Amino acid sequence: MDRFTVRLSSSHKPSGNTKPLVFKNPILTASGTFGYGVEFANYGDLTHLGGIVVKGLSLKPRPGNPLPRVAETPCGMLNAVGLQNDGVESFLKNKLPRLPWHETPVIANLYATSPAEFAELAGILAAEEGIAGLEVNISCPNVKNGGVLFGQDPALAAEVTQAVKKHAGNLPVIVKLSPNVTDITAIAKAAEQAGADAISCINTITGMGVDVKTRKPLLANVVGGLSGPAVKPVALRCVWQVCNAVKIPVIGIGGITCAQDVLEFILVGAHAVEIGTMNFVRPDAAFRIAEELPHLCQQLGIKNLAEFRGTLQL
């Protein structure tokens, strides 16, 4: 196996029939920042990426939030897109066939407002040959619990994880955690105990912006998610904490702009990373970082990412 190949499997868990996720390199794309993947095909070769995580999919099409829903901030951006998407059936019919899923794993990101909806989505996607894994967005409101986010309550996080896992067939289940909690490790442990095969973190940090001239918020939704380089220190801290709290693999997300950022996340324990906001700055960012990583490793004398992973000296 190549020294940059990443294999996401949980050695401590019963293997069962869950297929391991194997990436040719640790560079994935973050959901919501790379469209369905096909939109970025003109900026680089999709087969050169480790994996493609598509934008959040719901059972039915969603129009998203009203405009404006994106605003630039110092060292980052705010967004309140509202998980606009074409719906899972349209994605499977019109987008998935255009992706190189034979060569690059395609991971579907799930959005729902109840465990039953999550389970139904998982079942639909598990039946498709071109889907390699499921990433569960638990930064969603549980409508039956008055809008409490699944990712802010260990019991709710576990309930969603169990529902997805039960209907995921042999697909690995990745649970994506929110940083907007008191103790992210409590949520991570709950997801692990409920059957998650991997954790990805972090999702965006809740924030807002205002315009003193118009005296209006920058986003029509008023509050939104902060992402970009400004959140990288928070993301690194969360990834480090989660890597030390669970035994399943962790995927790092948050403010990654270059190959050195990638190595920082791997150093604190991440198996792979997802490139997000940088895709808006440079549409070729993920491809460029994937190309730069081997050269930086050579410069630093890193011969094998698996041996480098989690070697932070305290």
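These numbers come from a predicted model, not from an experiment.

A word on the overall build of the protein chain. Scanning the protein chain for helices and strands turns up nine helices and 18 strands. Relative to the compact-globule value of 20 Å for 314 residues, the protein chain shows a C-alpha radius of gyration of 18 Å, a close match. Along the first, second and third principal axes, the C-alpha atoms of the protein chain reach 55 × 45 × 40 Å. Evaluated residue by residue, the protein chain yields a buried proportion of 54% over its 314 residues. Across the protein chain, contacts joining residues at least 24 apart in sequence account for 70% of those joining residues at least 6 apart. Accessible surface for the protein chain amounts to roughly 13800 Å². Of this, 52% is attributable to carbon and sulfur atoms. Distance between charge centroids for the protein chain: 3 Å, based on 27 positive and 25 negative side chains.

The next thing to look at is the packing of aromatic side chains. A full pass over the atoms with the stated rule returns five aromatic pairs. Where Phe 40 meets Tyr 43, the ring centres are 6.1 Å apart and the plane angle is 55°; that geometry is what we call tilted. Here Phe 40 falls in the buried class, since its relative accessible area comes to 12%.

Below, the discussion takes up the nonpolar core. In this structure, Phe 91, Leu 134 and Leu 177 are the most contacted members of the largest nonpolar core, which totals 80 residues. Per-element accounting of this core gives the leading share, eight residues, to helix α8 (residues 285–300). Beyond its immediate stretch of four places on either side in the chain, Phe 91 contacts Tyr 36, Val 54, Leu 57, Leu 96, Pro 97, Leu 99, Val 106 and Ile 131. Among the nonpolar cores identified, the runner-up in size contains 12 residues, and Val 6, Leu 21, Ile 107 and Ile 174 belong to it.

The next point concerns the sheet that holds strand β7 (residues 106–110). Strand order across the open sheet formed by eight strands is β3-β18-β17-β12-β11-β8-β7-β4, with parallel pairing between neighbours. Among the strands making up the open sheet, the edge pair consists of β3 (27–29) and β4 (52–53). Sheet topology note: the strand β11 (residues 173–177)/strand β12 (residues 198–201) ladder contains four bridges and is parallel. In the sheet register, Lys 176 faces β12, and the bridge partner there is Ser 200. Packing against the sheet, helix α4 (residues 184–193) makes contact with β11 and β12, and its axis sits at approximately 165° to β11. Packed on one face of the sheet, helix α5 (residues 232–243) meets β11, β12 and β17 (250–253) and runs near 170° to β17.

On to the packing of helix α6 (residues 259–267) against α8. Orientation of α6 relative to α8, taken along the N-to-C sense of each, is 70°, at an axis distance of 8 Å. If you check the angle between α6 and α8, you find them roughly perpendicular. When you trace α6 past α8, the crossing you get is right-handed. For the pair formed by α6 and α8, the contact residues are Ala 259, Gln 260, Val 262 and Leu 263 on the first element and Ile 289, Glu 292, Leu 293, Leu 296, Cys 297 and Leu 300 on the second.

In this structure's numbering, the residues bearing the UniProt feature "binding site: FMN" (unreviewed entry) are Ser 31, Lys 55, Gly 56, Asn 109, Asn 137, Lys 176, Ile 202, Gly 228, Gly 254, Gly 255, Gly 276 and Thr 277. Tracing the sequence through the fold places Ile 202 in the loop between β12 and β13 (205–208). Judged by relative accessible area, which is 3%, Ile 202 ranks as buried. By the secondary structure assignment, Thr 277 is in the loop between β18 (272–275) and α7 (278–281). With sequence-adjacent residues up to four places away left out, Thr 277 is seen in contact with Thr 33, Met 77, Ser 227 and Gly 228.

Criteria and thresholds
- Residues numbered from 1 in each chain as written.
- Predicted model: local features only at pLDDT ≥ 70, side-chain atom pairs only at ≥ 80, totals over all residues.
- Heavy atoms only, no water.
- Helix = DSSP H or I, 4+ residues; strand = E, 2+ residues; numbered from the N terminus.
- Rg over C-alpha atoms; globule rule 2.2 N^0.38 Å.
- Buried < 20%, exposed > 50% of the residue type's maximum accessible area, 1.4 Å probe, protein only.
- Contact = heavy atoms within 4.5 Å.
- Areas by Shrake-Rupley, 256 points an atom, 1.4 Å probe, with all protein chains shown as cover.
- Lys, Arg positive; Asp, Glu negative; His and termini not counted.
- Charge placed at Lys NZ, Arg CZ, Asp CG, Glu CD.
- Phe/Tyr/Trp six-rings, centres within 6.5 Å; stacked < 30°, edge-to-face > 60°.
- Core = buried A, V, L, I, M, F, W, Y, C linked by side-chain atoms within 4.5 Å.
- Pairing = 2+ DSSP bridges.
- Axes fitted to C-alpha atoms, helices over the stretch in contact; angles between N-to-C directions.
- Parallel < 35°, antiparallel > 145°, perpendicular 65-115°, else oblique.
- Left-handed = near helix turned anticlockwise from the far one by under 90°.
- UniProt positions renumbered as here; feature names shortened; annotations may be inferred.

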